[in-house]
Amino acid sequence: MLFLLITAVVTSFSLSVLAASEGEEGAEDEGAAATTTTIESGLSPAVPVVQEEAVEPLADWTYRYMIPTGLALAAIVMLVTAIKYFTNVVRKRYRIVEE
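Bear in mind the structure is a predicted one, so any value in this text is a computation, not a measurement.

Criteria and thresholds
- Residues numbered from 1 in each chain as written.
- Predicted model: local features only at pLDDT ≥ 70, side-chain atom pairs only at ≥ 80, totals over all residues.
- Heavy atoms only, no water.
- Helix = DSSP H or I, 4+ residues; strand = E, 2+ residues; numbered from the N terminus.
- Buried < 20%, exposed > 50% of the residue type's maximum accessible area, 1.4 Å probe, protein only.
- Areas by Shrake-Rupley, 256 points an atom, 1.4 Å probe, with all protein chains shown as cover.
- Patch = residues over 30% accessible without salt bridge, like charges linked within 9 Å, V, L, I, M, F, W, Y side chains within 5 Å.
- Salt bridge = Lys/Arg side-chain N within 4 Å of Asp/Glu carboxyl O.
- pLDDT = per-residue confidence, 0-100.
- Contact = heavy atoms within 4.5 Å.

Re the overall build of the protein
Along the protein, the regular secondary structure elements total 2 helices and 0 strands. The buried share among the 99 residues of the protein stands at 0%. Carbon and sulfur atoms make up 66% of the accessible area of the protein, which totals about 10100 Å².

Here it is as structure tokens:
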């Protein structure tokens, strides 16, 4: 069972690395094909294209809300578990003997 899990992880990692390397090669080719120079010929384009600055997209709502909520719930569960352990086990372990 452990062997299958390790095999699945290694396979998915290798596939993701291959996909990422193919994506980088494709991006380099597209950038080279999309650029044109008009300075050498002295011609101006019919419609000037203004290149806008790349704006980083906002984080998805799952990263903004779900992950912090999950971490807070995990901390609360750990705290409640520690309190319940103390009240159920440690409190009953020692008894005060009155003389």
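Quick word on a nonpolar patch on the surface
A cluster of nonpolar side chains, namely Trp61, Tyr63, Tyr65, Met66, Ile67 and Leu71, defines an oily patch on the protein surface of about 740 Å² accessible area. By secondary structure assignment, the location of Trp61 is in helix H2 (residues 61-93). Note on Trp61: relative accessible area 56%, which makes it exposed.

Topic: the confidence of the model for the protein
For the protein, per-residue confidence averages 76 on the pLDDT scale, and 79% of positions sit at 70 or higher. Residue range residues 26-33 is modelled with pLDDT below 50. Its contacts to residues more than four positions away, or to other chains, number 0 contacts.

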